[in-house]
Structure formats: C-alpha cells, structure tokens
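Secondary and tertiary structure notes
What follows is the residue order along each chain.
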Amino acid sequence: MLVASKMTRSVCALLCALAIAWPAVTHAEETDWDKRFHTQVQQWMNTIIERDPSFRDWKNARIDAQSLGANQHQWLVSITRDGRQVGYMVVGESPASGTQPTFVLLEYGVGEYILFDDAFAPRAVAAEPVYDGFASHWLVARQEQRELVDAKTGETYPASAVAGPPVITTLSEAELVRPEEVLTAARVLSGAVQDPFDRIDWLTDTSNRRQLTWTDLWQKTSAGPVTLTVPLHHSNVLAPFAVQSLHLWNGRAAYVGVWDEGLRFVPYAYAMKVGQFHTVDTGAHKTSSLPE
C-alpha cells in the first residue's frame, strides 16, 4: 500500500496490528492494488482541477495515503505541494460483483487543514481514528473514560458526547463517485467565505418545512446564504456549516461543498441524512439552470 508521510501514533499502532492480523499478500498483489489506487486518486484529482479553479493548488501535488481504522477499508489521502498541505481525499473500498473491490470517493477538501492532521492529534497512545463524515473523530480511551476529539479541529467534545452509528457507510455505491467518473459541473453559491454565525436564522428556524432538494440548491435564485446544520453525537453538538459550492459528477453523483477550516465536499445524499439545509431570501436574485 502507499506509505504515508504523516501518521499519528495511533494510526501507526493500528497499521502494526493490521500487519499481524491480515494474511500476507504477494508482492504482485500489493503492487497491483497500489497502482490501481494511485491511478484512480490521480484521475479524480485531475478532473477536479480541470473543473474547479478553487483546487488549482492540487496541480502537480504529491499524494500520500494512510489507512483509517482496522478493517474499515477507508484511506485518508494527504495532498501536498511544495512542502505544504493543500487538501485531502477520503477513499473507500466497497465490494463489487467482480473479483476486485471498487474504489469510491467519500469526501474531499481543499486547504491546509485536513482530517486527522498530526497538528491536532491527541497525544494519547490509545487514540483511534474513526471516519464518519462530519462526525469523524479520534476515540480516546483514558482509563475507564472514553472521549471524542474532532478530526478536523482537534476540539474535545463534552464528556456526554457519544458516537452514534456510522452514516457514511450506509450510502449506496450509486450515491458516490465511482472509478473513472469525472466532475461534469460545478457551481459557486458564495464567492466569499461565509460565517454561519453572521446570521443565526438557522438557530431559530424550528419549522418543519421540507428539506431542500438538489434542484433547489442548484437553481437557488436568492442571494442569501445557505446553512447546513448537523446534530452530532446523539445531538450533543449542533454544527452549522456555510454551503459554498456544489459539484456534480457524471451528471448524477451530487456533492455539497461547505466551509470547515477550508472547503470540504461531502455527498449530498449524506448531508440529507445527517442534517438540515436553511436558506434566507435577501431580495437579490440570480438564476442557474440544471446541468445536462
């Protein structure tokens, strides 16, 4: 597998455990997997660079990958250029009808802050990385107490916070970007970085109105902000995210880009399962047709 240039102590420990638990593979099998993984990641990177100028720093960047958790079949791809962090991807492996598993793109982002960054990693040896979209965290065991540390910011959640059942793994392969698929359309909803706390309409919005569909978002006519609110860890934490951009892959797989210490794209199907979109009409209007 690809060798990571950056690993937390916990990930190193997990990889050691995996090396013991998994059967040995031949050099040819390992090389084939490595080649397919690297080729697919590079292909996805190239199509994003071509369609979205926000990812221009990804051009000629280096990629390194590390496993995320035992038997999870998920990998964090760190993207660096000229020695600085410029983004990341989270790639999963799902069973396929053929002999080889299928790679799927679970999440990707641009900027210097990635998931599970060493800079924010807990120093405890017993910290286990757990990936689940916005709920991604390190699980830290301290004697009889277990605590959650946010994988993006390093923030420690309240002791009452308990991880819920994973949601990202419930998505079907049809809802995710698959091998060889390309980014066919991109739309920027807000060119400036939005702070969801500049307007807290979402905090007082208790109506049971219908959820915004992908068509609603893409054809949004008002100039007001769109906020995605996500209750995390059995609703112990309410996380608001400003929706900045939209991506459409092969005219079918939709991803929503939110601001979270950098632009972060997650599947729209996942966002619909875990959160609620809120929008405010400010009176100014613009139009955008759905991509073909």
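As the structure is a computational prediction, the values presented were derived from the model and not from experiment. (Residues numbered from 1 in each chain as written. Predicted model: local features only at pLDDT ≥ 70, side-chain atom pairs only at ≥ 80, totals over all residues. Heavy atoms only, no water.)

Some details on the overall build of the protein
The condition is simple: To qualify as a helix, a DSSP run of H or I must reach at least 4 residues; to qualify as a strand, a run of E must reach at least 2; elements of each kind are numbered from the N terminus. Think of it in three bands: with a 1.4 Å probe and only protein chains considered, a residue is buried below 20% of the maximum accessible area for its type, exposed above 50%, and partly exposed in between. The contact definition used throughout considers only heavy atoms, calling two residues in contact when any of these lie within 4.5 Å. Throughout, the Shrake-Rupley method with a 1.4 Å probe supplies accessible areas, and for residues the shown protein chains are the sole cover considered.
Regarding its fold elements, the protein presents five helices and 13 strands. A total of 292 residues make up the protein; the buried ones form 49% of that total. Across the protein, the fraction of contacts at a sequence separation of at least 24, relative to all contacts at a separation of at least 6, is 64%. Of the roughly 14,300 Å² of accessible surface on the protein, a fraction of 53% belongs to carbon and sulfur atoms.

Here's the deal with unusual backbone geometry
The backbone phi angle of D82 is positive, close to 55°, even though this residue is not glycine. Within the secondary structure, D82 is located in the loop between β2 (74-81) and β3 (84-94). Residues other than glycine seldom take positive phi values, yet F116 does so here, at roughly 55°. With respect to the helices and strands, F116 occurs in the loop between β4 (102-110) and β5 (127-130). Take F116: its relative accessible area is 3%, and that puts it in the buried class.

Brief notes about the environment of L263
Here L263 shows up in strand β12 (residues 263-267). Each C-alpha atom, one on L263 and one on V193, is 9.3 Å from the other, the two residues being 70 residues apart in sequence. If we ignore the near neighbours within four places in the chain, the residues touching L263 are Y108, G109, V110, Q244, S245, G257 and V258.

Concerning the pairing of β2
We count it as follows: Whether two strands pair comes down to DSSP finding at least two bridges between them.
Of all eight residues in β2, seven are buried, a share of seventy percent or more. Alignment of strand β1 (residues 62-67) against β2, held across six bridges, turns out to be antiparallel. Residue Q66 lies in a different strand from β2, and its bridge partner there is L76. Following β1, the chain reverses through six residues before pairing antiparallel with β2; G69 in that reversal takes a positive phi of roughly 85°. Where β2 meets β3, eight bridges bridge the pair, whose relative direction is antiparallel. Among the inter-strand pairings, I79 is bridged to a residue of β3, identified as G87. What sits between β2 and β3 in their antiparallel hairpin is a turn of two residues, with D82 showing a positive phi close to 55°.

What about the pairing of β3?
The buried fraction of β3 amounts to 10 of the 11 residues, a majority that puts the element mostly inside the structure. Both β3 and β4 contribute to a ladder of eight bridges, which runs antiparallel. Paired with S94 across the strands is T102, a residue of β4.

Side note on the pattern of salt bridges
Convention followed: Any Lys or Arg side-chain nitrogen located within 4 Å of an Asp or Glu carboxyl oxygen qualifies as a salt bridge.
Under the defined criterion, the tally for this structure stands at eight salt bridges. Between D82 and R81 there is a salt bridge, with the nearest N and O atoms lying 4.0 Å from each other. The exposure class assigned to D82 is exposed, which follows from its relative accessible area of 72%. A relative accessible area of 26% means that R81 is categorised as partly exposed. The salt bridge involving R264 is made with D260; its shortest N-O contact spans 2.6 Å. Each member of the pair, R264 as well as D260, carries the same accessibility label: buried.

Focus on the nonpolar core
The nonpolar side chains of a soluble globular protein tend to be buried with one another. Filter applied, for reference: Only buried residues count toward a nonpolar core, which is a set of Ala, Val, Leu, Ile, Met, Phe, Trp, Tyr and Cys residues joined through side-chain atoms within 4.5 Å.
Core analysis: the largest hydrophobic core is formed by 80 residues, its most contacted members being W58, M89, Y108, F134, W249 and F277. Not counting residues within four places of it along the chain, the set of residues in contact with F134 comprises D150, L228, V230, L232, F241, V258, R264, V266, Y270 and V274.

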